[in-house]
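Residue-level structure breakdown
The primary structure of each chain is shown beneath.
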Amino acid sequence: MSADVFSPPRLLRNPHLQSVLASSRLRRFVLRQRSRLEHAAELHDLHCPGGAHLQGYLTRQNAQPETRGLVMLLHGWEGCAGSNYVLDTGGELLQRGFDVFRLNFRDHGDTHHLNPELFSSNRIEEVVEAVALVQQRFDPSRFAIAGFSLGGNFALRVALRAPAAGIRLDHAAAVCPVISPAAGMAAIERAPWFYQHYFMLKWVGSLKRKQKLFPEHSHFSAAELKSGMRELTRILVERHTTLGDLDSYLDSYSIAGERLASLQVPTSILTSADDPIIPVVDFHRLQLPPQASLEVLAHGGHCGFFDGFGARSHASRWVAQRLQQGLADAAG
């Protein structure tokens with residue numbers, strides 16, 4: 001099926017089913033069983049100039065006489081370089097002739113031991129530095145970035161900062177990116193209970209792991225870890241950032257309204273009108289430059305976009321097709 005065609009059967013038009021399928025363990029098993037992306041991956045440490053220590057995995061192209069370019073993939077909040085959507089998209093890109101670098105954000109995947117300070121979504125500088133290091137280390141002829149959910153938000157913020165950071169980025173793609181963090185948090189609170197339960201289960205587990213690794217740091221009490229997403233985020237902001245309050249923190253990584261208007265990197269954005277946790281109205285209010293495109297599909301949930309019950313997603317094909325075309329245009 002073409003990446004431009006997405007028409008799920010009636011049962012798969014339920015946004016919650018789409019969203020749940022995106023992270024299902026069965027899908028992860030199927031993807032990993034056939035994924036050369038992981039089997040042939042090289043682990044790389046990235047010591048950023050600002051002091052952060054990040055890690056990622058590079059899978060080089062060996063099925064084509066030469067690579068089409070390098071694509072850097074960014075996972076979502078409490079995801080990792082081995083998340084389903086990352087493996088699916090990376091496998092699709094590898095098959096099309098690209099090298100693939102899958103970055104782990106701070107405190108995601110198996111990286112909690114690398115930095116004493118906690119992850120927060122406003123840590124854009126270290127991600128920009130990591131992208132610059134990847135470009136410097138591997139010197140790709142063509143270079144692109146793609147992200148999902150919070151990773152899509154990061155990808156778009158990297159694209160905004162790329163020219164000033166000396167990053168020669170040829171294209172950026174984002175699937176269901178967080179646009180307004182404040183609206184996204186409110187949407188999670190309004191959504192069925194299992195969304196907040198899923199994120200909190202993973203986030204609290206991550207925070208407990210961090211505390212065990214760095215017991216000398218005062219992180220969170222047992223009662224605070226049970227306080228809920230909004231309250232725990234407020235405590236994180238006040239105790240572990242310099243932003244002062246929750247509203248300032250949420251605004252610090254917002255890309256709503258006109259904030260993407262100065263994008264110079266050609267950009268493709270995909271979302272669904274029925275995403276339960278990223279309000280579609282935020283996308284319609286974006287002020288985008290001519291070289292940025294937005295596609296809003298009627299169905300797909302949050303990072304789902306399944307047109308069948310297999311492991312592969314339309315979103316992964318969409319990313320691969322948009323980047324393939326974008327990098328071909330850049331090679332021109």
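Parameters and conventions
- Residues numbered from 1 in each chain as written.
- Predicted model: local features only at pLDDT ≥ 70, side-chain atom pairs only at ≥ 80, totals over all residues.
- Heavy atoms only, no water.
- Buried < 20%, exposed > 50% of the residue type's maximum accessible area, 1.4 Å probe, protein only.
- Helix = DSSP H or I, 4+ residues; strand = E, 2+ residues; numbered from the N terminus.
- Pairing = 2+ DSSP bridges.
- Expected span 1.5 Å × (residues − 1).
- Phe/Tyr/Trp six-rings, centres within 6.5 Å; stacked < 30°, edge-to-face > 60°.
- Salt bridge = Lys/Arg side-chain N within 4 Å of Asp/Glu carboxyl O.

Of all six residues in strand β7 (residues 267-272), six are buried; the element is thus mostly enclosed. The side-chain alternation of β7 yields two buried faces, one formed by Thr267, Ile269 and Thr271 and the other by Ser268, Leu270 and Ser272. In this sheet, β7 lies alongside strand β6 (residues 171-175) in parallel orientation, the contact comprising four bridges. Across the sheet, residue alanine 174 finds its bridge partner in β7, namely isoleucine 269. Here β7 pairs with strand β8 (residues 292-297) via six bridges, running parallel. Bridge assignment links serine 272 to a residue of β8, and that residue is leucine 297.

Our next topic: helix α4 (residues 84-95). Counted at 1.5 Å a residue, the expected span for α4 with its twelve residues is 16 Å, and the 17 Å between its end C-alpha atoms agrees. Judged by how many residues are buried, α4 sits mostly within the fold: ten of twelve residues are covered. Within α4, the full set of buried residues consists of Asn84, Tyr85, Val86, Leu87, Asp88, Thr89, Gly90, Glu92, Leu93 and Leu94. Of the residues trailing α4, glycine 97 is marked for its positive phi of about 105°.

For the rest of this paragraph, the subject is the packing of aromatic side chains. Given two aromatic rings, their pairing is described by the distance between the two centres and the angle made by the two planes. Throughout the structure, instances matching the rule amount to twelve aromatic pairs. Ring geometry for tyrosine 85 and phenylalanine 148: centres 5.0 Å apart, planes at 40°, overall tilted. With tyrosine 85 in helix α4 and phenylalanine 148 in strand β5 (residues 143-148), this residue pair connects regions lying 63 residues apart in the sequence. On the accessibility criterion, tyrosine 85 (12% relative accessible area) is buried.

This paragraph deals with unusual backbone geometry. Its identity as a non-glycine residue notwithstanding, cysteine 176 has a phi of 50°, on the positive side. On the secondary structure map, cysteine 176 appears in the loop between β6 and α7 (181-190). Owing to a relative accessible area of 0%, cysteine 176 belongs among the buried residues under this scheme. Of note, cysteine 303 is a non-glycine position whose phi angle comes to about 60°, a positive value. With respect to the secondary-structure elements, cysteine 303 resides in the loop between β8 and α13 (314-331).

Here the focus is the pattern of salt bridges. Within this structure, the stated rule accounts for 17 salt bridges. The salt bridge partner of glutamate 92 is arginine 312, with a shortest N-O separation of 3.0 Å. Residue glutamate 92 is found in helix α4, and its partner arginine 312 is found in the loop between β8 and α13; the two are separated by 220 residues along the sequence. Its salt-bridge partner being aspartate 110, residue arginine 209 comes within 2.3 Å of it at the nearest N-O pair. Residue arginine 209 is found in helix α8 (residues 193-213), and its partner aspartate 110 is found in the loop between β4 (99-104) and α5 (124-138); the two are separated by 99 residues along the sequence. Relative accessible area serves as the criterion here: at 49%, aspartate 110 is assigned to the partly exposed category. It is possible to trace a salt-bridge network through shared partners that takes in Asp88, Glu92, Arg96 and Arg312.

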